[in-house]
Amino acid sequence: MLQLPKFNKINTTQALDVFAHTYTQCSGFNVNRDYYENNQVFGIYWKSRMIGGFVLGTGETLRTLEVFVGSEHRDGLYTHVKSSVPHTEMCCFWMEPSTRKKTWLNFFVWFCVAYALRVHGTQQLIFGTNSIRLAALYSATPKCTLLHSDYLNQKQTFVFTGPRKDCLLGVAQILSYKFRRVMKIASKRSKSRILASKQENSDAIARHALS
């Protein structure tokens, strides 16, 4: 029987426990329980197991600014964000390492992000990361604006904003970027295998000539 991945809003204590524990393992960040309970938490499931998820937050405290912005800049950014249109932050995003290597599941997770932002997000989005790779993905979308960059705990951090109406386009561009990267890696591996095969054949011919 064909099993398809599922996407659900998490609203049980047990599911929140699984999300919180797995996110901490994947990211190294500990998040206060009340943050999960006071915002919208989403999980992606495959074969009855949670393989990814994220949080959409609209509260007074924006975890994105608390984690990825230094104290000397934080108040100014809060003032900037609060004085403009309401923001929804997408944070606590995680994906099981094995899922990242399954291209179609990886893409499904990103489409779930786009869907949730379209349905549950406000006009403007805010999100951050301390991953250079994720920052490169976000920067690949032309509607995405770098709001602030910092250097905390020996890592560079990035805070981005972007209009909700363009989130689907943004995710499509992220997936295009990821697909090109996958194809580039596959091409390199294919060339390496061809070169290795040619070398083996050359060595076999040389051994035969000497025998």
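The structure we're discussing is the one just above.
Model, not experiment: these values are computed from the prediction.

Rules used in this analysis
- Residues numbered from 1 in each chain as written.
- Predicted model: local features only at pLDDT ≥ 70, side-chain atom pairs only at ≥ 80, totals over all residues.
- Heavy atoms only, no water.
- Helix = DSSP H or I, 4+ residues; strand = E, 2+ residues; numbered from the N terminus.
- Buried < 20%, exposed > 50% of the residue type's maximum accessible area, 1.4 Å probe, protein only.
- Contact = heavy atoms within 4.5 Å.
- Areas by Shrake-Rupley, 256 points an atom, 1.4 Å probe, with all protein chains shown as cover.
- Salt bridge = Lys/Arg side-chain N within 4 Å of Asp/Glu carboxyl O.
- Core = buried A, V, L, I, M, F, W, Y, C linked by side-chain atoms within 4.5 Å.

(A) Examining the overall build of the protein chain more closely. Within the protein chain, the regular secondary structure consists of eight helices and seven strands. When the 211 residues of the protein chain are sorted by exposure, 41% land in the buried category. A sequence separation of at least 24 residues applies to 70% of the contacts in the protein chain between residues at least 6 apart. When the accessible surface of the protein chain is totalled, it reaches about 12,600 Å², and 54% of it is carbon and sulfur.

(B) Region of the structure containing the pattern of salt bridges. For the structure shown, the criterion picks out four salt bridges. For Arg33, the salt bridge goes to Asp17, with nearest N and O atoms at 2.5 Å. With Arg33 in helix 2 (residues 33-37) and Asp17 in helix 1 (residues 13-27), this pair connects stretches of sequence that are 16 residues apart. Note on Arg33: relative accessible area 28%, which makes it partly exposed. Arg33 is paired through a salt bridge with Glu37; the nearest N and O atoms lie 3.3 Å apart.

(C) Structural detail: the nonpolar core. If you look at the biggest cluster of nonpolar residues, it comprises 24 residues, and the most contacted ones within it are Phe54, Leu56, Met90, Phe93, Phe127, Tyr138 and Phe160. Those elements giving two or more residues to this core turn out to be strand 2 (40-46), strand 3 (49-57), strand 4 (87-95), helix 6 (103-120), strand 5 (124-129), helix 7 (132-139) and strand 7 (155-163). Here this core takes seven residues from helix 6, the largest share from any one element. Among the nonpolar cores identified, the runner-up in size contains 16 residues, and Ala15, Tyr35, Cys91 and Cys92 belong to it.

From the geometry alone we can't say anything about function, so treat these as descriptive.
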